[in-house]
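# Per-entry structural report
Here is how the chains run, residue by residue.
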Amino acid sequence: MKGPSHIDSPTPEPNYRSGSSAARETELISRIAQGDRKAFEELYGLYHRRLARFLTRLTKRYDVAEEVINDTFYIVWRKAADFRGESLPSTWILGIAYRKARNAFRSSSRILAVENPEAPLPPLTSDESLRTEELRDWLVQALVQLPVEQRLAVELCYELGYSCEEISTIMSCPVNTVKTRLFHARAKLQKLLPALGGIAPTDDGGRKTSGGKG
């Protein structure tokens, strides 16, 4: 089941974990369970931009990101009756998206920017400073070098703002596993980012440019 084909939207992102938002989304899911297509379209509209932001920071393949979003909402449509309100609607939906993304990113035939690390990065908005754009470029290149589970944990934590407890629910793993993934991801990013910026750490803890001397 597909919604609009665009990847992004200029509208502000709502607060998905406020009491009023959760109550509204729970109502929508209940209506979807009864086959209400208008409720489905409203929920899709609420989450498309958020999922697109999450996925397109992990892959430069917009077609893969869109496919994951559509697959996610196909499951939402089919499994709405299974939602019992034991977690927030956003956590339930992100859990489905996480599993779909993990499987898509592990697919050897179409995986991420690792296929071609020299390919151009997605266009950024024109109002970002050159320095911010450069840092984001480095971050995107560094993220795609992380293992899938670490990459997804980083995005759930730092981009979408989920707690370790919420991420453990989304990823269906213990909280300590989430913390371990984040710890190792941060350590790897600290090493990757200086290298991507043309700066290599020295033996004494200082830094030197990768193409210069001493």
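This section reports on the structure supplied with the text. Sequence order sets the numbering: in each chain, residues are counted from 1 along the sequence as written. In keeping with the predicted nature of the model, local features appear solely for residues at pLDDT of at least 70, side-chain atom pairs appear and are counted solely at 80 or more, and the whole-chain, interface and lining totals rest on all residues. For the side-chain quantities, the full set of heavy atoms in the structure was used; hydrogens and water were omitted.

### Some remarks on the overall build of the protein chain
- Helix and strand definitions follow DSSP, with helices as H or I runs of at least four residues and strands as E runs of at least two, each counted in order from the N terminus. Scanning the protein chain from N- to C-terminus turns up eight helices and two strands.
- Per-residue burial for the protein chain yields a buried fraction of 41% across its 214 residues.
- Here the analysis covers contacts within the protein chain between residues at least 6 apart in sequence; of these, 66% occur between residues at least 24 apart.
- Roughly 11,600 Å² of accessible area belongs to the protein chain as shown, and the carbon and sulfur atoms make up 51% of that amount. Each residue's exposure class comes from its accessible area (1.4 Å probe, protein chains only) as a fraction of the maximum for that residue type: buried when under 20%, exposed when over 50%, partly exposed otherwise. The contact criterion used is simple: two residues touch if any of their non-hydrogen atoms lie within 4.5 Å. Note on areas: Shrake-Rupley with a 1.4 Å probe; residue coverage comes only from the protein chains shown.

### Description of the nonpolar core
- Leu43, Phe73, Leu94, Phe105, Leu152 and Leu156 are the most contacted members of the largest nonpolar core, which totals 51 residues.
- Those elements giving two or more residues to this core turn out to be helix 1 (19-33), helix 2 (37-56), helix 3 (62-79), helix 4 (89-105), helix 5 (130-143), helix 6 (148-159), helix 7 (164-171) and helix 8 (175-196).
- Those residues in contact with Leu43, other than ones at most four positions away along the chain, are Glu25, Leu28, Ile29, Ile32, Phe73, Val76 and Ile93. We define the nonpolar core as a collection of buried residues of types Ala, Val, Leu, Ile, Met, Phe, Trp, Tyr and Cys that are connected through side-chain atoms lying within 4.5 Å of one another.

### A word on the pattern of salt bridges
- Salt bridges are defined as contacts in which a side-chain nitrogen from Lys or Arg sits within 4 Å of a carboxyl oxygen from Asp or Glu. A full pass over the atoms with the stated rule returns four salt bridges.
- We note a salt bridge from Arg24 to Glu42, for which the minimum N-O separation is 2.8 Å. Separated by 18 residues along the polypeptide, Arg24 in helix 1 and Glu42 in helix 2 bring together distant segments of the chain.
- Residue classification places Glu42 among the partly exposed residues on the basis of a relative accessible area of 32%.
- Put simply, Glu149 and Arg181 hold a salt bridge, and the shortest N to O gap is 3.7 Å. With Glu149 in helix 6 and Arg181 in helix 8, this pair connects stretches of sequence that are 32 residues apart.
- For Glu149, a relative accessible area of 14% gives the class buried.
- Each of the salt bridges in this network shares a partner with another, and the network as a whole consists of Arg24, Glu27 and Glu42.

### Topic: the packing of helix 2 against helix 4
- Axis lines are fitted to C-alpha atoms, over the contacting stretch for helices. Their N-to-C directions set the angle, which ranges from 0 to 180 degrees. Across the interface, helix 2 lies against helix 4 with an axial gap of 11 Å and an inter-helix angle of 45°. Of the possible angle classes, the one that applies to helix 2 and helix 4 is oblique. The element helix 2 and its partner helix 4 pack so that their crossing is right-handed. From helix 2, Leu43, Tyr47, Arg50, Leu51, Phe54 and Leu55 reach across to helix 4, where they touch Pro89, Ser90, Ile93, Leu94, Ala97, Ala101 and Phe105.
- Under the convention adopted here, Pro, Cys and the residues Ala, Val, Leu, Ile, Met, Phe, Trp and Tyr are nonpolar, Asp, Glu, Lys and Arg are charged, and Gly plus all remaining residues are polar. Here the residues of the contact of helix 2 with helix 4 sort into eleven nonpolar, one polar and one charged. Just so you know how the angles are binned, under 35 degrees is roughly parallel, over 145 roughly antiparallel, 65 to 115 roughly perpendicular, and the rest oblique. For a crossing to be left-handed, the near helix must be turned anticlockwise from the far one by less than a right angle; the clockwise case is right-handed.

### With respect to helix 2
- Between the first and last C-alpha of helix 2 there are 27 Å, a value that for 20 residues agrees with the 28 Å anticipated at 1.5 Å per step.
- Bend angle per residue: angle between axes fitted to the 7 residues ending at that residue and the 7 residues starting there. By the largest-angle criterion, Tyr47 marks the main kink of helix 2, which is about 35°.
- Polar contact is the term for a pair of N or O atoms within 3.5 Å; when the atoms are in protein, one must be able to donate a hydrogen and the other to accept it, and sequence-neighboring residues count only if both atoms are side-chain atoms. The opening residue of helix 2 is Asp36, an N-cap whose side-chain oxygen sits 3.0 Å from the backbone nitrogen of Lys38. Residue count minus one, scaled by 1.5 Å, sets the expected span of a helix.

### Description of the packing of aromatic side chains
- In summary, the pairing rule links any two rings of Phe, Tyr or Trp, Trp by its six-membered ring, whose centres are within 6.5 Å, and it sorts them by plane angle into stacked for under 30 degrees, edge-to-face for over 60 and tilted for everything else. Summed over all chains, the structure comprises five aromatic pairs.
- Pairwise contacts between aromatic rings join Phe40, Tyr44, Phe73 and Trp77 into one cluster.
- For the cation-ring pair, Arg37 lies above Trp77, with the distance from its terminal atom to the ring centre recorded as 5.8 Å. Comment: the charge-over-ring label is applied if NZ (Lys) or CZ (Arg) is within 6 Å of the ring centre and within 35 degrees of the ring normal.

### Focus: the environment of Glu149
- Glu149 sits 47 residues away from Arg102 along the chain, and the two C-alpha atoms are 7.5 Å apart.
- Discounting residues that sit within four places of it in the chain, Glu149 has contacts with Tyr98, Arg102, Arg106, Met171 and Arg181.
- Engagement of the side chain of Glu149 in a polar contact is seen with the side chain of Tyr98, the distance being 2.4 Å.

### Regarding the packing of helix 3 against helix 4
- At a minimum axis distance of 9 Å, the contact between helix 3 and helix 4 shows a crossing angle of 135°. Taken as axis vectors, helix 3 and helix 4 run oblique relative to one another. For the pair helix 3 and helix 4, the sense of crossing is right-handed. Every residue of helix 4 that contacts helix 3 at Val64, Val68, Asp71, Thr72, Ile75, Val76 and Lys79 is listed here: Trp92, Ile93, Ile96, Ala97, Lys100, Ala101, Ala104 and Phe105.
- Residue composition of the contact of helix 3 with helix 4, by class: eleven nonpolar, one polar and three charged.

Everything listed is a geometric property; what it means functionally is a separate question.
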